[in-house]
Amino acid sequence: MFKNVGIVARYDKEKALQLAEELSEHLNNKGIKVFIENTLADKIKAQAEAVPLKDMKTDFIITIGGDGTILRTCLNSPKPEPSILGINMGVRGFLTEVEPKDACNAVDRVLKGDFRLEECTKLAVKIGNETLPDALNDVVISAGEPSKILYIEICKDGKPILKCQADGMIVATQTGSTGYSLSAGGPVLDKEMDAILVTPICALTVFRSLVFPTNTEITLNVTRPKQMLVMIDGNYHHMKSETELTVKVTKAKNSSNFIRFENDFYDRLSCRLLFQGAR
């Protein structure tokens, strides 16, 4: 069923590098061709081909790290994206699936087809006619300077619906509803609610979050100042200075797919994020 597998790991953690070596050997012993991200080539000893993440066209990718590693992988991997098996070596690892001690067993289950895929919506982002990378979690717009206020007009399908003054604006997916948007006071969206959230950062007006259907075109017109910083999934940064600053966000054609076993959305919320003591 599977012929090749990619491995992406955080390279600032020795245990992550050790696990990358262990999994590479484990896969090689099963006759699976292994690709590692080229940034790992001089950090681990593995019988694997080193390639840039953008060229990792494999049957699936194993990430060893936290949510940041997964977001970086989804942002830079070729489209359509290979499915991801996330091994948790981060702080919370909400998007990951298994702990390091279960990594080899999880890989064996995947190779046997004993898993399900969780498809996650992404957001397509444009600044004027310029296309930016798709976002799995969120698109964040700010002035690029601490505590500098943005004056923003929010439009739904081309129609102005609200004006807001805030430190910034977060446009998030259902997946991203558990990230920065949640920290800014936004709601957590149930896994079955495929929607787009717009959440202000420290708004000067009484304004929390807006929830839109995913077929909505959301336009954010920044009227002041005449520059803005657009960040995608915390990894991609784009500063823009124009007389007219407009960001359009829609549902992307591509999606991200995660390999899952027994755990569901609320298991991860209970264990890693919100409901301590719920079980």
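Conventions we followed
- Residues numbered from 1 in each chain as written.
- Predicted model: local features only at pLDDT ≥ 70, side-chain atom pairs only at ≥ 80, totals over all residues.
- Heavy atoms only, no water.
- Helix = DSSP H or I, 4+ residues; strand = E, 2+ residues; numbered from the N terminus.
- Rg over C-alpha atoms; globule rule 2.2 N^0.38 Å.
- Buried < 20%, exposed > 50% of the residue type's maximum accessible area, 1.4 Å probe, protein only.
- Contact = heavy atoms within 4.5 Å.
- Phe/Tyr/Trp six-rings, centres within 6.5 Å; stacked < 30°, edge-to-face > 60°.
- Salt bridge = Lys/Arg side-chain N within 4 Å of Asp/Glu carboxyl O.
- Pairing = 2+ DSSP bridges.
- Right-handed = clockwise from strand over helix to strand, strands pointing away.
- pLDDT = per-residue confidence, 0-100.

For the rest of this paragraph, the subject is the overall build of the protein chain. Along its length, the protein chain carries five helices and 17 strands. For 279 residues, the compact-globule estimate of 2.2 N^0.38 gives 19 Å, and the protein chain sits close to it at 20 Å. When the backbone C-alpha atoms are referred to their principal axes, the protein chain occupies close to 60 × 45 × 30 Å. Going through the 279 residues of the protein chain one by one, you find that 52% of them count as buried. Considering only contacts within the protein chain whose residues lie at least 6 apart along the sequence, 66% involve residues at least 24 apart.

Pairs of aromatic rings are described using the distance from one ring centre to the other and the angle between the two planes. Counting across every chain of the model gives two aromatic pairs. On the basis of an interplanar angle of 75 degrees and a centroid distance of 5.2 Å, the ring pair of Phe2 and Phe60 is categorised as edge-to-face. Here Phe60 lies in strand 4 (residues 60-65) and Phe2 lies in the segment before strand 1 (4-9), a separation of 58 residues in the sequence. When sorted by exposure, Phe2 lands in the same class as Phe60, which is buried. Taking the centre distance of 6.3 Å and the plane angle of 40 degrees together, the rings of Phe2 and Phe115 count as tilted. With a gap of 113 residues between them, Phe2 in the segment before strand 1 and Phe115 in the loop between helix 3 (103-111) and strand 6 (116-127) connect regions that are remote in the sequence. Given a relative accessible area of 16%, Phe2 falls into the buried group. In textbook terms, an aromatic cluster arises when at least three aromatic residues are bridged by ring pairs, as seen for Phe2, Phe60 and Phe115.

It is worth spelling out the pattern of salt bridges at this point. A complete count under the given rule lists 14 salt bridges for this structure. Taking the shortest distance from any N to any O, the salt bridge between Glu81 and Lys79 comes out at 3.7 Å. The closest approach of N and O atoms between Arg260 and Glu97, which form a salt bridge, is 2.9 Å. One end of the pair, Arg260, is in strand 17 (residues 245-260); the other, Glu97, is in the loop between strand 5 (83-88) and helix 3, with 163 residues separating them in the sequence. On the basis of relative accessible area, Glu97 is assigned to the buried category, the value being 5%.

Let us look at helix 2 (residues 67-76). Counting buried residues along helix 2, seven of its ten residues qualify, which places the element largely inside the surrounding structure. Every buried residue of helix 2 is listed here: Thr69, Ile70, Leu71, Arg72, Thr73, Cys74 and Leu75.

Right, let's talk about the pairing of strand 2 (residues 33-37) for a bit. Where burial is concerned, most of strand 2 is hidden: four out of the five residues are buried. Direction of pairing for strand 1 relative to strand 2: parallel, over a ladder of four bridges. Bridged to Asn4 within strand 2 is Lys33. Running through helix 1 (residues 14-29), the crossover from strand 1 to the neighbouring parallel element strand 2 is right-handed. Bridging between strand 2 and strand 3 (residues 49-51) involves three bridges; their strand directions are parallel. For Phe35, the partnering residue across the bridge sits in strand 3 and is Glu49.

With that settled, the discussion passes to the confidence of the model for the protein chain. For the protein chain, the mean per-residue pLDDT works out to 91, and 97% of the residues sit at or above 70. Element-level pLDDT for the protein chain is lowest in helix 5 (residues 265-273), with a mean of 73, against a maximum mean of 97 in strand 4.

This part takes up the pairing of strand 14 (residues 218-224). Across the seven residues that make up strand 14, a large majority, five, are buried. As paired elements, strand 9 (residues 150-156) and strand 14 share six bridges and run antiparallel to each other. Looking across to strand 14, one finds that Cys155 is bridged to Thr219. Two elements, strand 14 and strand 17, share five bridges in a ladder whose sense is antiparallel. Each residue of the ladder has a partner; that of Thr219, found in strand 17, is Lys248.

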